[in-house]
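Geometric and topological summary
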Amino acid sequence: MEELLKKIMLQLENVESKIDRIQLTLDSYHIENIESNNRLLAAIHTTNDRLDFQRDKISKTEEDLYLLKQKH
């Protein structure tokens, strides 16, 4: 009976060790995903800023064209 208990305890320690390794792996993946998301958000922000700039330039050009047509 004592030998069986020792085997069970050893197996339990092995399982706990595997769980710890899996947790470390998942934690590293989680951190990697967060960093990746932050890089994507920064890229999206930059793209949005560029689009806003282009939209403003187009609006200004359209306004200038409209005013020029009104003068002629």
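Check the entry above for the structure.
This one's a predicted model, so the numbers in the text were calculated from it and none came from an experiment. Residue numbers run consecutively from 1 along every chain, following the written order of its sequence. For this predicted model, a pLDDT threshold of at least 70 governs which residues receive local features, and a threshold of 80 or more governs which side-chain atom pairs are given and counted, while totals over whole chains, interfaces and linings are taken from all residues. Neither water nor hydrogens contribute to the side-chain values; these are computed over all heavy atoms in the structure.

1. Points about the overall build of the protein
For the purposes of this entry, the term helix denotes a DSSP run of H or I that reaches at least four residues, the term strand denotes a run of E that reaches at least two, and both are numbered from the N terminus. From N to C terminus, the protein includes one helix and zero strands. In this description the radius of gyration comes from C-alpha coordinates, and the expected globular size is given by 2.2 Å times residues to the power 0.38. Here the protein has a C-alpha radius of gyration of 31 Å; the compact-globule value for 72 residues is 11 Å, and the former is much larger. Separation between the mean location of the 11 positive side-chain charges and that of the 14 negative ones in the protein comes to 9 Å. By the counting scheme adopted, Arg and Lys are positive, Glu and Asp are negative, and His together with the chain ends is not counted. Charge placement uses NZ in Lys and CZ in Arg. For Asp and Glu, CG and CD serve respectively.

2. What about the pattern of salt bridges?
Counted as salt bridges are all cases of a side-chain nitrogen of Lys or Arg within 4 Å of a carboxyl oxygen of Asp or Glu. If you walk through the whole model with that rule in mind, you get three salt bridges. Put simply, Glu-2 and Lys-6 hold a salt bridge, and the shortest N to O gap is 3.9 Å. Separated by four residues within a single helix, Glu-2 and Lys-6 lie in helix H1 (residues 2–71), roughly one turn from each other. In this structure Glu-2 comes out as exposed when scored by relative accessible area, which is 57%. Asp-64 is the partner of Lys-60 in a salt bridge, and the nearest nitrogen-oxygen pair spans 3.2 Å. Remark: Asp-64 and Lys-60 occur in helix H1; sequence separation between them is four residues, near one turn of the helix. Each residue gets one of three labels from its accessible area relative to the maximum for its type: buried under 20%, exposed over 50%, partly exposed in between, using a 1.4 Å probe on protein chains only. When its relative accessible area of 46% is taken as the criterion, Lys-60 is described as partly exposed.

3. Let's talk about the environment of Ser-17
You can see Ser-17 is positioned in helix H1. Assessed through its relative accessible area of 31%, Ser-17 is described here as partly exposed. As for Ser-17 and Asp-27, which are separated by 10 residues in sequence, their C-alpha atoms are 15 Å apart.

4. Quick notes on a nonpolar patch on the surface
Side chains of Met-1, Leu-4 and Ile-8 sit close together on the surface and give an oily, nonpolar patch of about 380 Å² of accessible area. Here Met-1 falls in the exposed class, since its relative accessible area comes to 85%. Like-charged residues are merged into a patch within 9 Å and nonpolar side chains (Val, Leu, Ile, Met, Phe, Trp, Tyr) within 5 Å, provided each residue has over 30% relative accessible area and no salt bridge. Surface accessibility follows the Shrake-Rupley procedure with a 1.4 Å probe radius. Residue values consider only the protein chains on display as shielding.

Geometry only, nothing functional implied.
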